[in-house]
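This is what each chain is made of:
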Amino acid sequence: MKLYCLSGHPTLPCNVLKFKSTTIMLDCGLDMTSTLNFLPLPLVQSPRLSNLPGWSLKDGNAFLDKTELIDLSTVDVILISNYHCMMALPYITEHTGFTGTVYATEPTVQIGRLLMEELVNFIERVPKAQSASLWKNKDIQRLLPSPLKDAVEVSTWRRCYTMQEVNSALSKIQLVGYSQKIELFGAVQVTPLSSGYALGSSNWIIQSHYEKVSYVSGSSLLTTHPQPMDQASLKNSDVLVLTGLTQIPTANPDGMVGEFCSNLALTVRNGGNVLVPCYPSGVIYDLLECLYQYIDSAGLSNIPFYFISPVANSSLEFSQIFAEWLCHNKQTKVYLPEPPFPHAELIQTNKLKHYPSLHGDFSSDFRQPCVVFTGHPSLRFGDVVHFMELWGKSSLNTVIFTEPDFSYLEALAPYQPLAMKCIYCPIDTRLNFIQVSKLLKEVQPLHVVCPEQYTQPPPAQSHRMDLMIDCQPPAMSYRRAEVLALPFKRRYEKIEIMPELADSLVPMEIKPGISLATVSAVLHTKDNKHVLQPPPRPAQPAGGKKRKRGSDDIPDCKVLKPLLSGSIPVEQFVQALEKHGFSDIKVEDTAKGHIVLLQEAETLIQIEEDSTHIICDNDEMLRVRLRDLVLKFLQKF
Amino acid sequence: MDPECSQLLPALCAVLADPRQPVADDTCLEKLLDWFKTIADAGSSLLLLQENPCLVTLLCPVLKPQDLSPRVLAFLLRLAGILAAQEDCFQHLQQGDLLPRLFGEAGPLGGAAWTAPTVRSGWIQGLCSLTQHPSALCFLAHSGAVDTIFSLQGDSSLFVASAAGQLLVHILGLSMQAPAEGHPSLQPAHWPACAQKIVGHIEESLRATATPQVTQALNVLTTMFSHCHDPWTQVLWVHLSPLVACLLEKDPVPAAHSLVDLLLSVARSPVLSSSSCGLWDTLAQTLSRLRASQAGPLALGILKLQECPKALRAQAFAVLLQPLTCVLEATTQAPGLPGSVGGTADAPLTAGMLLPSKAACVGLLCQTLAHLELLQPLPQRPSPWPWAPLLSAAVTILRLCNGSATPTSDTGTHLCAFLAGCVRVQRAALDFLGTLSQGTGPQELVTQVFAILLEYLTSPDSSPTVLKKAFQATLQWLQSSPKPSGGGDLEPHAQLFLRELLPVLPKRLCSPCWDVRDSGLEFLTQTVRRWGGQAGFRHALLASEVPELTEQLLRDPESYVRASAVAAMGQLSSRGLHIIPASPGHPGAQQSLLEELLHILSTDSEGFPRRAVMQVFTQWLRDSHADVAADTEHFVARVLRVASQDLDWEVRAQGLELALVFLEQTLGQPSSSCPYAMTPPAAAPPSLVAQALQPFCRVQLFDFAFRALFDCDRPVAQKSCDLLLFLRAKTASYSDQQGSSSGPDVASLEAALQRWQAGDQGQPLGDLEPEAVVAVLRSLDLEGLRGALAESSDHAEQSPLSLLQDMLATAGILGENEADCY
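Residues numbered from 1 in each chain as written. Chains lettered and ligands numbered in written order. Predicted model: local features only at pLDDT ≥ 70, side-chain atom pairs only at ≥ 80, totals over all residues. Heavy atoms only, no water.

Peer 1: Please clarify how the overall build of chain B should be interpreted in this entry.
Peer 2: Scanning chain B for helices and strands turns up 44 helices and zero strands. In chain B, which comprises 822 residues, the share counted as buried stands at 51%. Expressed as a percentage of contacts within chain B between residues at least 6 apart in sequence, the contacts between residues at least 24 apart total 72%. Split by element, the accessible area of chain B, about 36,100 Å² in all, is 54% carbon and sulfur. (Helix = DSSP H or I, 4+ residues; strand = E, 2+ residues; numbered from the N terminus. Buried < 20%, exposed > 50% of the residue type's maximum accessible area, 1.4 Å probe, protein only. Contact = heavy atoms within 4.5 Å. Areas by Shrake-Rupley, 256 points an atom, 1.4 Å probe, with all protein chains shown as cover.)

Written as structure tokens, this is what we have:
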């Protein structure tokens, strides 16, 4: 069993597991931090950006892709754990010869589609006049200024996929539900479990009859909108692959939400605008819910909230229809009947308005001060670029970063100098190290495998020994482009016996509680399933030609010799020999047993734990006599 | 016993003795016992029995305990004990052979009823009341009860077990008093047999290997040494101390907590404080033998002792400080800094104690901090008190908790992992830091204190309770910072801090957590009260958004926050820090704060904000706030009108307080405010009084006060009574001169008051004349009313007669029901 690690990003994992003749890809996250190396894509021609000297507006966005560690066409299935971890799917399913199936839950697929749609839309609506790729040449890259020249593996950066590729990739997905058991070629069974992190997010169990591998990706134990995490089913794992822990282990999400609300209220009260760069799904639902409870108490009822994204409408609507994937509290609302999320009420009362882009209706409705939720959190493309340009000059305005995926300082770099206030309240509800240690104590896997970042404290806080995984035996760590041999051996395989065959068995008790029976059967193996079938009957002596021909295929069934069991007590054996007229018997002890020497007959009987040899000089009669004597001491069946 | 009760008693006894009659509840039986106890204490129990033979009859069914419910059986045992406490009555009951049957082998002891803990408890309490005279001791000796008590020490019911221990102490004390009042024998071997038996049992238990037995013995001794200070106890201690010392040899020391309690009670006993007993050595040895978490309470106890050898105190203090020393050493570059806490010899040991588990570490640190917090204000605290190292330890712990400390050793790294984000330790450390503000520390440490407090107040990760503690500690530190010599109220240092804090406060006032907004407002109220007059502070506050936000919080959805906002606004306004925003877009701009508060008082659905408004108004009236002083009468009239309608009694009571302030301001201070004043209260000249009463009539103060006098809530009525008494004293001379007036006005007023008293408070009194009021004040029996109100509200229902009636009624009603069934 091997694990191929294709991504070094702990929260955007991509691993391939080879297990019992299947090749399973676990997630395909897309690390988009390389976009930070590019200039923002403005919706409106920005004189400031276009007048920058030197390397301006040269290329589209590109993304880091996988290394050539494994031939992607050999991947049988891809298991997706949440919508953030499937953003690289088109790169894998298209143009690599991939012919397998992708498994994901329905909300994951729908919201994943929204995220991809938004991404493609953001990139495609600002087409490039020209494109350059010469800079990818290592010799030229070396000449670039500092952060750019240090970027690694630039050659693997790719252009953003198209909507066509997205559709094609998504068509390869098969929908699954929590706890549904999916057979892969009869060899293994995979099961998604609720992970509590996002709508439809799952952890996966990959098991055969005798082995169990758990794959834990982005999970949360906090009470937010999704169904709570299923921990019990992770018990008794041989290997637990642990990825997707919180990216901000020192920040407590509750405190951050408080901070978010307070700063938002303060800014708006002073007549400033608030900009929240965010993804169109996920934490935004929780933020809107908090604001729903908060705005009246904070006197913000008259402040408009705008949600601008090509997929804003679908995201808000989708969240309301996936009731079965929500936490219990929200599920019960559906029976009242009420929409599970309170943002429906915000929309009804006109407090929250959503627009596909800032062109069109938004321009006429727009009034300040206001709060705007829009993408992309990298600040490199999407409507957020426009708002940064628009509001950046006033110190009354505030930009509040809630998504932890990008460094906010780097994201802000191309907008400097900036007068607006910047607040960093990363809200990451995924497991923190305290929760992980509790989880591991409860689930008790034999081995834990995790990205190497989790096995040491963060570099900036090297004294925080609490910010790492602490388990026994120590977790095995992996890094990008590493192949890990997972530390357990397969020992058993399950074989079924056909009922007729089982009927014909006659077990014999050889020790109290242990019965044995010999089986003669044909082993039939198909689709990784093994079945013992009754042997064909011996061929009829009289039969037509056809029959005779048919019986040619049947393997020969030899007459079975009985099997022996038991051990030979040497002293009694010697007595028995003497009784039968052998004299001058000598017994020698050896490491493995005894040697009985019949000096007169020049014969040697070697008695060992699992074999007995009679060595005599061409005297078959003697050998048979001795053999019969030996057999008397053994049980036959 | 009054005759009515005597008449009812036989019936009640019959009910109690009848197993078919269920007894109402335990409280009735408790009250009944209390009543018998008062009767027995007041007179002769023998007489009581002779006059009420039904009582003896009642005690008899105990002979067939299976018929009785456990609670009645327990009641009877306790009643017998109370009666037999007097020797003659004891003899009387003995003659009837009743006592052995109740308390001896023939009684419930060992029967089925004994399985009920109530019965066992009743048995012990009965014996405890009974054991008051030598005859009782003989009885105990003969009945073999003492052995039963021994076994009850290990009872499954904690109440029974603890009562058994106390009973043993009681018996021992009595038996030692009995033989001779003179000097006790130096050898327990010469003590009375009963005492010897008990002491022997204790010795045996102390030698036992099972911890529960040792604990029992130690608990008995602890009770004895803390309640009995006769000379013989010293003899006993000298006799037993070697056994106690033996306990210290064991590893681990058994029953450590009980041992600590015992040693401390011995050390506190006035007869034993001499050093001849070797107590100090034992204490010192115990300190060094116990684990850190067990030694802490002992060390604190030793340090609280009035007299104690210096060396022992030093050792105890070192033990107490050990965990903090360990924390400091784990985080400082060079171990053993001159400023570090206490000695360092034991630190590695404590490091071992701190580190095994998070729970142990957190528990020990919280305990240590709480102990030091208790010790610091005591006069006998160690001197010099190590302000600086304690400060730096508290700051270090807080830094470990928020992850900003840099550990210098493995211990430190572990501590950091244990304490990061631990709310319990944060709270304890902030509390402790707050108390440390009483002392003085080096300037650089004070800077660190303010820095860490600011970190906690700013951090989004501080939990609401931690934040509250941080605000409290901050206030304490600000209050204690020394005034600068050059004038001004705040030390420049603290002033700078406040300036840094003010930008944080708005964020807290906007928090989605109501408790954070609440503690932020409380902090604001306190700081404004203290530094509202200081120019630098005023300037910074006015430049911030705080006053505006505070006003917005008057409309907060949470009532506690509204209440705190009311208090804060009241304070801001008193200090002239409430500026009405001039912006035309502001809807509340035209409305003054007074109007807004009145609006809250009349419309808020919760009591807290309304109470807060009344407090602010009272304070404003006291301070002659500008808005109030403009037209005080009008103000008082409006407030009283609204307050009188309020459903919350505290609001009405506060309204009376406001009325009293108004009275005082008009008439002068009440004489009772200074009971030791030499000058007799000078009554005002009559003409002046009549004049003075006019405004009260105009603001309808009397209407409010009389209404309150018959308020269904006792505190309101009491307060009103006090107010009217004060008023009557003030107007005494006036009415004397006027003589009794009986005009039509007075008659109608009295009639109205009578209706009110009867519960019909619908009609207002209308306009009143001062003369009529004075006349009514004289005619009302205010003293009588005050006396009646001073009684607890259920005094009428508490009489023994009503108790008996109640119990009989309950039984009677049950009887009727039974009849209905047929």
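Peer 1: What is the right way to look at the pairing of strand β2 (residues 15-19) of chain A in this model?
Peer 2: Two faces belong to every sheet, and in a regular strand the side chains alternate between them. Residue and element names in this part refer to chain A. A large share of β2 lies buried, amounting to four of its five residues. The sheet contact formed by strand β1 (residues 2-5) and β2 spans four bridges and is antiparallel. Bridged to Lys 2 within β2 is Lys 18. Hairpin geometry of β2 and strand β3 (residues 22-26) is characterised by an intervening segment of two residues between the two adjacent antiparallel strands and by a positive phi of about 55 degrees at Lys 20. (Pairing = 2+ DSSP bridges.)

Peer 1: Is there a simple way to think about the sheet that holds strand β19 (residues 421-424) of chain A in this case?
Peer 2: Adjacent strands of a sheet pair through backbone hydrogen bonds, lying either parallel or antiparallel. Residues and elements named next belong to chain A. Spatially, the six strands line up as an open sheet ordered β16-β15-β17-β14-β18-β19, and their pairing is parallel. Strands with a single pairing partner mark the edges of an open sheet, and in this sheet they are β16 (352-355) and β19. Going from strand to strand, the sheet's axes swing by 20 degrees on average, the running direction of each strand aside. Of the strand pairs in this sheet, strand β18 (residues 398-401) and β19 are connected by four bridges, and their pairing is parallel. Bridge assignment links Ile 400 to a residue of β19, and that residue is Ile 423. The sheet strands contacting helix α8 (residues 283-294) are β15 (305-308), β16 and β17 (371-374), and the helix crosses β17 at an angle near 165 degrees. On top of the sheet, helix α9 (residues 312-321) reaches β15 and β16; it is set at about 125 degrees to β16, its chief contact. (Axes fitted to C-alpha atoms, helices over the stretch in contact; angles between N-to-C directions.)

Peer 1: Where do I start with the domain arrangement of chain A in this structure?
Peer 2: Many analyses report the size of an interface as the accessible area lost when the parts associate. By the assigned domains, chain A splits into domain 1 (2-227), domain 2 (253-424) and domain 3 (564-636). Just the C-alpha atoms count here: the centres of domain 1 of chain A and domain 3 of chain A sit 71 Å apart. (Domains from an automatic or database assignment.)

Peer 1: Would you take a moment to explain the nonpolar core for this structure?
Peer 2: Side chains that are nonpolar tend, in soluble globular proteins, to be buried together. Counting residues in hydrophobic clusters, the biggest one holds 383 residues, and the most contacted among them are A:Phe373 and B:Phe617. For this core, the two domains that each supply at least three residues are domain 1 (2-227) and domain 2 (253-424) of chain A. Apart from residues no more than four positions distant in its own chain, B:Phe617 is found in contact with B:Leu594, B:Leu597, B:Leu598, B:Leu601, B:Phe635, B:Val639 and B:Leu658. Membership of the second largest hydrophobic core comes to 25 residues, among which are A:Leu3, A:Val77, A:Tyr103 and A:Phe488. (Core = buried A, V, L, I, M, F, W, Y, C linked by side-chain atoms within 4.5 Å.)

Peer 1: Just checking my understanding: could you explain empty space enclosed by the protein for this structure?
Peer 2: In this approach a probe as big as a water molecule rolls over the atoms, and the regions it shows empty are the leftover space. Residue and element names in this part refer to chain A. Under the counting rule described, the total for this entry stands at seven cavities of 30 Å³ or more. Space inside the largest cavity adds up to approximately 400 Å³. Every residue lining the largest cavity is counted, 32 residues in all, and those nearest its centre are His 84, Tyr 197, Tyr 279, Glu 403 and Asp 405. For the lining of the largest cavity, the secondary structure elements donating two or more residues are α3 (106-124) and α8. Among the residues forming the lining of the largest cavity, the class breakdown is 14 nonpolar, eleven polar and seven charged. Two domains each donate at least three residues to the lining of the largest cavity, and these are domain 1 (2-227) and domain 2 (253-424). (1 Å grid on protein atoms, 1.4 Å probe; cavity = no way out; pocket = protein on both sides within 12 Å on 5 of 7 lines; lining within 4 Å. Points joined across faces, edges and corners; volume = space filled by probe spheres on them. Nonpolar A, V, L, I, M, F, W, Y, C, P; charged D, E, K, R; others polar.)

Peer 1: Could you clarify how one ought to interpret the side chain of A:Ser195 in this entry?
Peer 2: Looking at where A:Ser195 falls in the secondary structure, it is placed in the loop between β10 (188-194) and β11 (202-207). Since its relative accessible area comes to 0%, A:Ser195 is described here as buried.

Peer 1: I would appreciate a short explanation of the interface of chain A and chain B in the present structure.
Peer 2: Of the residues lining the interface, 21 residues belong to chain A; the matching set on chain B comes to 20 residues. Interface of chain A and chain B: buried area, both sides summed, is about 1,700 Å²; carbon and sulfur atoms make up 58% of it. Broken down residue by residue, the surface that chain A buries against chain B is led by A:Leu266, A:Arg269 and A:His463, which jointly contribute 32%. For the pair chain A and chain B, the number of links is one salt bridge. The closest approach of N and O atoms between B:Lys507 and A:Glu259, which form a salt bridge, is 2.6 Å. In terms of residues, the side of chain A that touches chain B owes the most to one element, helix α7 (residues 253-269) of chain A, which gives eleven residues. Among the residues forming the side of chain A that touches chain B, the class breakdown is eight nonpolar, nine polar and four charged. (Buried area = accessible area lost by both parts, 1.4 Å probe. Salt bridge = Lys/Arg side-chain N within 4 Å of Asp/Glu carboxyl O.)

Peer 1: How should I be thinking about the state of the cysteines in this particular structure?
Peer 2: Note: disulfide means a covalent bond formed between the sulfur atoms of two cysteine side chains. Residue and element names in this part refer to chain B. Applying the stated criterion across every chain yields a total of zero disulfides over all chains. As a non-bridged cysteine, Cys 128 has Cys 194 as the owner of its nearest cysteine sulfur, 13 Å distant. Judged by its relative accessible area of 27%, Cys 128 is partly exposed. The cysteine Cys 326 is free of any disulfide, with Cys 361 supplying the nearest cysteine sulfur at 8.3 Å. (Disulfide = S-S within 2.5 Å.)

Peer 1: Teacher, can you tell me more about the pairing of strand β26 (residues 522-526) of chain A here?
Peer 2: All names here are of chain A. Relative to strand β27 (residues 529-533), β26 is paired through five bridges, and the arrangement is antiparallel. Bridged to Thr 525 within β27 is His 530. Connecting the antiparallel pair β26 and β27 is a turn made up of two residues, with Asp 527 showing a positive phi of about 50 degrees.

Peer 1: Could you clarify how one ought to interpret the packing of aromatic side chains in this entry?
Peer 2: By convention here, two paired aromatic rings are described through the distance between centres and the angle between planes. Applying the stated criterion to the full structure yields 34 aromatic pairs over all chains. Ring geometry for B:Trp514 versus B:Tyr560: centroids 5.1 Å apart, planes at 25 degrees, classification stacked. Placement of the pair is B:Trp514 in helix α28 (residues 514-531) and B:Tyr560 in helix α31 (residues 559-574), with a sequence separation of 46 residues. Under the relative-accessibility criterion, B:Tyr560 is labelled partly exposed at 36%. Here B:Phe696 and B:Phe702 contribute two aromatic rings whose centre-to-centre distance is 6.3 Å and whose plane-to-plane angle is 80 degrees, an arrangement assigned as edge-to-face. A relative accessible area of 0% means that B:Phe696 is categorised as buried. For B:Phe702, a relative accessible area of 1% puts it in the buried group. Clustering of aromatic rings is evident, with ring pairs tying together A:Tyr306, A:Tyr355, A:Phe362, A:Phe366, A:Phe387 and A:Trp391. The residue whose ring lies beneath A:Lys330 is A:Phe341, and the NZ or CZ to ring-centre distance is 5.0 Å. (Phe/Tyr/Trp six-rings, centres within 6.5 Å; stacked < 30°, edge-to-face > 60°. Lys NZ or Arg CZ within 6 Å of the ring centre and 35° of its normal.)

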